[in-house]
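# Summary of structural features
For reference, the chains in residue letters:
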Amino acid sequence: MILLSVNHLSKTFGGLKAVSDVNMELKIGELVGLIGPNGAGKTTVFNLLTGVYTPTEGDIALRRETLVGLKPWQINQKGIARTFQNIRLFSNLTVMDNVKIAYHQHRSYGMLSAILRLPGFYRGEEEMVKKAEDLLEIFKLSHKKHEVAKNLPYGEQRRLEIARALAAQPQLLLLDEPAAGMNPQETAELMEMIRWVRKHFNLTILLIEHDMSLVMGICERIYVLDYGQIIAQGTPNEIKSNPKVIEAYLGEDVSHAVS
Amino acid sequence: MTEMLKQYFKLSNILVTVAILVLFAAVNIGIETGFIDDYYKLNLFLICINIILAVSLNIINGMTGQFSIGHAGFMAIGAYGSAIMTLKLGYPFAVGILVGAVAAALCGILVGLPTLRLKGDYLAIATLGFGEIIRVVILNIDYVGGAAGLNGISQYTDWPWIFSLTVITVLVIKNFMTSTHGRACISIRENEIAAETMGIDITRYKVIAFTMGAFFAGVAGALHAHYFYTIQPTTFGFLKSFDILVYVVLGGLGSMTGSVIAATGLTILSAYLQDYAELRMVIYSLLLIVVMLVRPQGLLGTAELSFDGIRRFFSRQTGKGRGAGNDSAVG
């Protein structure tokens, strides 16, 4: 069963083709990597998938339903959540509030019961707090729930961003360099966490990452993007030995030397 | 069910209710007996009106982070709308307030929808322009007296009206702010892109913020019109908008407590400075400059005064003996 299909996706900025003719397919439950050298267009692909940019050409469909033309919040409500390469938390709010905001779309009370403080408000808030606490527990952030997000160490901010994305209860999770700035031990823990979360929440995950140990370690399939085009796809082992990939990463001469 | 009742009869709720009732009764007796003379009464009423204006602008500027500087425009609509209802059409005061406020809220939607594509400075300029448009339009309508304004409005605004509406405004906005809908507004202020990708319909919440802000500005306008007998377009010029903006910025963008404190303090200050008319604006401006230099985030930042915050502050003081900044007293 296919969850996400991307067909002939292109995006141009002025004369620059940031993404051109990208085709991708993600099956339900897959953990797929998207790699490529700096400036290859990986984050642009994420921005297209989440509606931050509108595609110049091509189609994006989640469960056969097109997402092109929808606003980012509508796409999020359809079931795609993401994290950002340069962390975008609600930095002056508490860890708890960060997660609760993502639950907003699943709220159980209306504005009138909030203003009049009807019983439904207290029930709804309690439910939200409980769900948020469960998530923070998973990401080992429970003890910091009253801290302001910007005061967390970098690794914890990254984890909080993933927790917040999951609060939206997505089917597809897009992770943009989740391990950036983490030390090897934190990266290993993060890998464990991603695996566990995928199983526990029945998620499909697409992740951008430069840390090859992470990508090769957990991804079942990998797409390689270079100059806005998919130059290779396959299992980690296939990708490792693909001459085109080596060329993209290391330059032409080296790839000849290797092969 | 008992759990639910506990929520309503929390100690803090009871204390706040008692405090509100005592304050109301004390001032009411003071006015009735003449202990509070007309001068103090005037300033007391101005404080209430300014609190309503400040907390309502705080929804737009502080909570949602949309910089609007045309708030006096909404106030003007409330003032004129209510005055037309009571003076020209002979409806009771309550109808006047409601019509004024709803008319202002509709204008809030009207301004909100097209201008919310704008950000930062551009939005500020657009709202400033909107405030001026309202003033000029009113200036040119003969039905409401043009430049001479509307005269002979009955003085319906008394202490029970103004006090209860101030309390209701603050409560409604506080309840909104601490709900999931309020958090949606705050998330727009914190990071618009993140809010949108987390499923928040940002246009909707910006319009809600504008509408609510305008509604309560309309209430303030209605109270104003029915206290001063007369209203003129010049009263609601951009200087008035800036006055309101100053309360919000000085108190701390996003802090309700801050808005209330700043509106009260600055109203008292300008009452005292009335005798030195020529120095008034100089002192006022100096104060602002000093506060902005020392505390650019405003007196309270985004913090609020709450019972939980106070309790946490004291437990931290006694528990760990760790020196906590004044920010932790508010939470």
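Residues numbered from 1 in each chain as written. Chains lettered and ligands numbered in written order. Predicted model: local features only at pLDDT ≥ 70, side-chain atom pairs only at ≥ 80, totals over all residues. Heavy atoms only, no water.

### Here we look at the sheet that holds strand S4 (residues 57-62) of chain A
All names here are of chain A. Taken in spatial order, the four strands line up as S2-S1-S4-S5 in an open sheet, and their pairing is antiparallel. Looking along the sheet, the strands with just one partner apiece sit at the ends: strand S2 (16-27) and strand S5 (65-66). As judged from the two bridges shared by S4 and S5, these two strands associate in the antiparallel manner. Of the residues in S5, the one forming a bridge with Ala61 is Thr66. Contacts between helix H1 (residues 42-49) and the sheet are confined to strand S1 (2-13), S2 and S4, with S1 contributing the most and set at about 115° to the helix. (Pairing = 2+ DSSP bridges. Helix = DSSP H or I, 4+ residues; strand = E, 2+ residues; numbered from the N terminus. Contact = heavy atoms within 4.5 Å. Axes fitted to C-alpha atoms, helices over the stretch in contact; angles between N-to-C directions.)

### Re the domain arrangement of chain B
Residues and elements named next belong to chain B. Taken domain by domain, chain B holds domain 1 (1-36) and domain 2 (37-315). Computed over C-alpha atoms, the centres of domain 1 and domain 2 are 25 Å apart. With twelve residues of domain 1 at the contact, the number on the domain 2 side is eleven residues. Of the roughly 940 Å² buried between domain 1 and domain 2 on both sides combined, carbon and sulfur atoms contribute 85%. Where domain 1 meets domain 2, there are zero salt bridges. Along the contact surface separating domain 1 from domain 2 lie one residue pair in polar contact (both at pLDDT 80 or more). Tallied by class, the residues present in the side of domain 1 that touches domain 2 amount to nine nonpolar, three polar and no charged. (Domains from an automatic or database assignment. Buried area = accessible area lost by both parts, 1.4 Å probe. Salt bridge = Lys/Arg side-chain N within 4 Å of Asp/Glu carboxyl O. Polar contact = N/O pair within 3.5 Å; in protein donor to acceptor, adjacent residues only side chain to side chain. Nonpolar A, V, L, I, M, F, W, Y, C, P; charged D, E, K, R; others polar.)

### Digging into the interface of chain B and chain A
Counting residues at the interface gives 31 residues for chain B, matched by 37 residues for chain A. Regarding the contact of chain B and chain A, the summed buried area is about 3100 Å², with carbon and sulfur atoms giving 62% of it. The interface formed by chain B and chain A contains one salt bridge. With a closest N to O distance of 3.0 Å, Glu125(A) and Arg183(B) form a salt bridge.

### Describing the confidence of the model for chain B
Overall, the prediction assigns chain B a mean pLDDT of 89, with 94% of residues at 70 or greater. Here residues 320-331 of chain B is a poorly scored stretch, pLDDT under 50, and it has 21 contacts once near neighbours within four places are set aside; other chains count. (pLDDT = per-residue confidence, 0-100.)

### Description of the pattern of salt bridges
Residues and elements named next belong to chain A. Considering all chains together, one arrives at 16 salt bridges over all chains under this definition. Lys131 is the salt-bridge partner of Glu127, the closest N and O atoms lying 3.7 Å from each other. Of the two residues, Glu127 and Lys131 both sit in helix H5 (residues 119-138), four residues apart, roughly one turn of that helix. When its relative accessible area of 29% is taken as the criterion, Lys131 is described as partly exposed. (Buried < 20%, exposed > 50% of the residue type's maximum accessible area, 1.4 Å probe, protein only.)

### Observations concerning the layout of surface pockets
Residues and elements named next belong to chain B. Each pocket or cavity is described by its volume, and for the second largest pocket that value is around 640 Å³. In this structure, the second largest pocket is lined by 26 residues; those nearest its centre are Lys240, Asp243, Tyr247, Ser270 and Arg280. Elements that contribute at least two residues to the lining of the second largest pocket include exactly helix H3 (38-63), helix H11 (238-251), helix H12 (256-272) and helix H13 (277-294). The leading source of residues in the lining of the second largest pocket is H11, at six residues. (1 Å grid on protein atoms, 1.4 Å probe; cavity = no way out; pocket = protein on both sides within 12 Å on 5 of 7 lines; lining within 4 Å. Points joined across faces, edges and corners; volume = space filled by probe spheres on them.)

### Some thoughts on the packing of aromatic side chains
Scanning the model with the defined rule gives 16 aromatic pairs over all chains in all. Considering the side-chain rings of Phe13(A) and Tyr53(A), the 5.2 Å spacing of their centres and the 75° angle between planes classify their relative orientation as edge-to-face. One end of the pair, Phe13(A), is in strand S1; the other, Tyr53(A), is in the loop between H1 and S4, and 40 residues separate them in sequence. The exposure class of Tyr53(A) is partly exposed, given its relative accessible area of 30%. Between the aromatic rings of Phe93(B) and Tyr156(B), the centroid separation amounts to 5.5 Å while the plane-to-plane angle is 25°, which identifies the pairing as stacked. Residue Phe93(B) is found in helix H5 (residues 93-115), and its partner Tyr156(B) is found in the loop between helix H6 (120-139) and helix H7 (159-177); the two are separated by 63 residues along the sequence. For Tyr156(B), a relative accessible area of 35% puts it in the partly exposed group. The structure contains a cluster of three or more aromatic residues connected by ring pairs, namely Phe24(B), Phe45(B), Trp159(B), Phe163(B), Tyr227(B) and Phe228(B). (Phe/Tyr/Trp six-rings, centres within 6.5 Å; stacked < 30°, edge-to-face > 60°.)

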